[in-house]
Amino acid sequence: NEELEEIASADLKYLLLPALLGALTLKQVDLSRRLEHLESARAHFWRFLKLCRSYGLGSFHLPPASPPGEEDAGSPSPGGPAAAQPSLVAMASSRQAKIERYKQKKELENRLASMRTFVESGQADDDQIREFYILQIQKWINTSLEEMESIDQEMVILKSRGTAKQSSAPPHGTSRQVRAPLKPFILTRDAAQAKVFGAGYPGLPTMTVDDWYEQRRRQGVVSGQSAPQRTAGTTDEELQKQQQEKKEEEDDEEALQKARNWDDWKDTHPRGYGNRQNVG
């Protein structure tokens, strides 16, 4: 039941305590508890604004105690989605209020800068001290209103991000099967190369291409149709030779004549014939 005039000039500074607690809470850097810190800071700022409103300090609209969207989250808006959109008149009035607060903030900072030296040095009288703390309170009123708007916007972003994470998380019991990590090995063409390369590296296993496909097929990584259609132990060169011999066996005159011409040419032209640019 007391008025602002009944508070001692030296005690006016204690009215700033909730606002200072809100500013300090916002400086917390623990990202895992960011939403909790925002809610706590908003409560401090709202308590400071309510206290200033009860003492008649400043003319401002007191924001709701809870962030927008929480008090009416359970009940749909009567006007539907269109009614939830802010009107142009409300946006224009909010913009004008921000401009007025910015101008007032600059004026208060200039007046506080001119009075700070007298108050901190102890040369100011009781009236000057009282005016100084009242100006500080009015400055923090504007700061609290700005911080609460930023907090409400950030809380909406954090809550929507948390909802998106929950919706994208897989349901319980349907997690992806964890595969065992593959061990290093030497991949060879056939069993003969596996014996050769494996002899010098006893600690590193060798595996042919067919064995590798078979192992991956059993693990379900590749299908059976993706495996190469070849007989075990055959290479590309051997496949070409088999095809050439098959053509010769079928009495392909063109293939026989081409093979004979190639043999005759190799008899008269030794390896390296005609290479005269790297002599010696």
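Anything mentioned here points back to the structure above.
Since we're looking at a predicted model, the values are computed, not measured.

1. Observations concerning the overall build of the protein chain
Helix and strand counts for the protein chain stand at 9 helices and 2 strands. Secondary structure elements of the protein chain occur, N-terminal to C-terminal, as α-α-α-α-α-β-α-β-α-α-α. Of the contacts made within the protein chain by residues no fewer than 6 positions apart, 54% connect residues no fewer than 24 positions apart. Working note: accessible area of the protein chain is about 21,200 Å², and carbon and sulfur atoms make up 52% of it.

2. Description of the nonpolar core
Counting residues in each nonpolar core, the largest one holds 34 residues, and the members touching the most others are Phe48, Leu57, Ile137 and Ile141. Among the secondary structure elements, those contributing two or more residues to this core are helix H1 (17-26), helix H2 (34-54), helix H4 (88-121) and helix H5 (126-168). Take this core: its biggest share by element is 12 residues, from H5.

3. Things to note about the layout of surface pockets
The space that makes up the largest pocket amounts to roughly 750 Å³. Looking at the largest pocket, it is lined by 23 residues, and the ones nearest its centre are Pro63, Pro68, Ser94, Glu149 and Asp152. Of all the elements in the fold, those that place two or more residues in the lining of the largest pocket are H4 and H5. Sorting elements by how many residues they give to the lining of the largest pocket places H5 first, with 8 residues.

4. Some points on the side chain of Arg34
Mapped onto the elements, Arg34 comes out in helix H2. On the accessibility criterion, Arg34 (17% relative accessible area) is buried. A polar contact is formed between the side chain of Arg34 and the backbone oxygen of Leu26, at a distance of 3.3 Å. Not counting residues within four places of it along the chain, the set of residues in contact with Arg34 comprises Leu26, Gln28, Glu154 and Leu158.

5. Describing a negative patch on the surface
A surface patch of negative charge is lined by Glu2, Glu3, Glu5 and Glu6. Note on placement: Glu6 falls in the segment before H1.

6. A few points about the pattern of salt bridges
Evaluated as defined, the whole model comprises 5 salt bridges. Arg33 is the salt-bridge partner of Glu36, the closest N and O atoms lying 2.9 Å from each other. For Arg33, a relative accessible area of 40% puts it in the partly exposed group. The partner of Arg42 in a salt bridge is Asp152, and the shortest N-O contact between them spans 2.7 Å. Residue Arg42 is found in helix H2, and its partner Asp152 is found in helix H5; the two are separated by 110 residues along the sequence. Of the two residues, Arg42 and Asp152, neither departs from the other in class, the shared state being buried.

The rules behind each value
Residues numbered from 1 in each chain as written. Predicted model: local features only at pLDDT ≥ 70, side-chain atom pairs only at ≥ 80, totals over all residues. Heavy atoms only, no water. Helix = DSSP H or I, 4+ residues; strand = E, 2+ residues; numbered from the N terminus. Contact = heavy atoms within 4.5 Å. Areas by Shrake-Rupley, 256 points an atom, 1.4 Å probe, with all protein chains shown as cover. Core = buried A, V, L, I, M, F, W, Y, C linked by side-chain atoms within 4.5 Å. Buried < 20%, exposed > 50% of the residue type's maximum accessible area, 1.4 Å probe, protein only. 1 Å grid on protein atoms, 1.4 Å probe; cavity = no way out; pocket = protein on both sides within 12 Å on 5 of 7 lines; lining within 4 Å. Points joined across faces, edges and corners; volume = space filled by probe spheres on them. Polar contact = N/O pair within 3.5 Å; in protein donor to acceptor, adjacent residues only side chain to side chain. Patch = residues over 30% accessible without salt bridge, like charges linked within 9 Å, V, L, I, M, F, W, Y side chains within 5 Å. Salt bridge = Lys/Arg side-chain N within 4 Å of Asp/Glu carboxyl O. Lys, Arg positive; Asp, Glu negative; His and termini not counted. Charge placed at Lys NZ, Arg CZ, Asp CG, Glu CD.

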